[in-house]
Amino acid sequence: MLNVPNFLTLLRLIAIPIFLILLVDRRYSEALAVFIAAGITDSLDGMIARMTHTKTVLGAYLDPAADKLLLMSSFTALAFMDEVPRWVVVIVLSRDVMLVLGYFLLFTMTSSAMEVRPSPIGKFSTFLQLAAVTTVLVSLVWPGVVPPVLEESLFYLAGAVTATAGLQYMYRGLVWLQGHGGPQPG
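The structure presented is a predicted model; accordingly, all values stated were derived computationally and were not measured.

1. Section: the environment of methionine 109
So, step 1. Here methionine 109 shows up in helix H4 (residues 86–110).
So, step 2. In this structure methionine 109 comes out as partly exposed when scored by relative accessible area, which is 39%.
So, step 3. Once the C-alpha coordinates of methionine 109 and histidine 180 are considered, the two residues, 71 residues apart in sequence, prove to be 9.7 Å apart.

This is how it looks when you write it as structure tokens:
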């Protein structure tokens, strides 16, 4: 069902290639504006869905997918531009690929779908990733405004929290698998 929250999520998905084109064309101000608009739609879609009781199964899958695609593509493009450390990109991509593959593996092993629920630490890692990308974009638009120590600290914090969230999701998947008659870990 295409309701307002799902429509906003679709807009965020449409914004990703626009953002990337602007970014690689070095149109940093416009790229920052599109990235901020995408972040605003992320906040709005969840808030509207909760307030209007219009949560859907489609939205439950589409919203986190849009977040992951936006962040993964942002980090990848910025790494190719040498604006973020590659190790951060490896952590972000590895965690998200692990989540998708883990979910698929759990489904194929049990023929049962695990409920998709972000954890507080997962939400915090998304926030830190958004903050890191925004900080890099701001520094591209206004060089010298962002102290390098702030940017570097955000990379380390985002990397550590993202890795921790990945381990937590892995643990949750193993616990869920045990409860559904799957193989016992180790």
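2. Here we look at the packing of aromatic side chains
The geometry of two aromatic rings is summed up by the distance between their centres and the angle between their planes.
So, step 1. Within the structure shown, the criterion is met by three aromatic pairs.
So, step 2. Ring centres 5.4 Å apart and planes at 40° place the aromatic pair phenylalanine 19 and phenylalanine 35 in the tilted group. One end of the pair, phenylalanine 19, is in helix H1 (residues 4–24); the other, phenylalanine 35, is in helix H2 (residues 28–52), with 16 residues separating them in the sequence. Of the two residues examined, phenylalanine 19 and phenylalanine 35, each falls in the buried class.

3. Considerations on the packing of H2 against helix H3 (residues 57–80)
So, step 1. One way to put it is that H2 packs onto H3 with a least axis distance of 11 Å and a crossing angle of 160°. Taken together, H2 and H3 sit at an angle that is classed as roughly antiparallel. When the axes of H2 and H3 are compared, the crossing they make is left-handed. Of the residues in H3, those in contact with Phe35, Ala38, Asp42 and Asp45 of H2 are Asp63, Asp67, Leu70, Leu71 and Ser74.
So, step 2. Residues of the contact of H2 with H3, tallied by class, amount to four nonpolar, one polar and four charged.

4. A look at the side chain of aspartate 45
So, step 1. Along the chain, aspartate 45 turns up in helix H2.
So, step 2. Residue classification places aspartate 45 among the buried positions, given a relative accessible area of 3%.
So, step 3. Reaching out from aspartate 45, the side chain makes a polar contact with the side chain of threonine 9 at a distance of 2.7 Å.
So, step 4. In this structure the side chain of aspartate 45 is engaged in a polar contact, spanning 3.0 Å, whose partner is the side chain of arginine 12.
So, step 5. When sequence neighbours within four positions are dropped, the list of residues in contact with aspartate 45 reads Pro5, Leu8, Thr9, Arg12 and Asp63.

Basis of the calculations
- Residues numbered from 1 in each chain as written.
- Predicted model: local features only at pLDDT ≥ 70, side-chain atom pairs only at ≥ 80, totals over all residues.
- Heavy atoms only, no water.
- Helix = DSSP H or I, 4+ residues; strand = E, 2+ residues; numbered from the N terminus.
- Buried < 20%, exposed > 50% of the residue type's maximum accessible area, 1.4 Å probe, protein only.
- Phe/Tyr/Trp six-rings, centres within 6.5 Å; stacked < 30°, edge-to-face > 60°.
- Axes fitted to C-alpha atoms, helices over the stretch in contact; angles between N-to-C directions.
- Parallel < 35°, antiparallel > 145°, perpendicular 65-115°, else oblique.
- Left-handed = near helix turned anticlockwise from the far one by under 90°.
- Contact = heavy atoms within 4.5 Å.
- Nonpolar A, V, L, I, M, F, W, Y, C, P; charged D, E, K, R; others polar.
- Polar contact = N/O pair within 3.5 Å; in protein donor to acceptor, adjacent residues only side chain to side chain.

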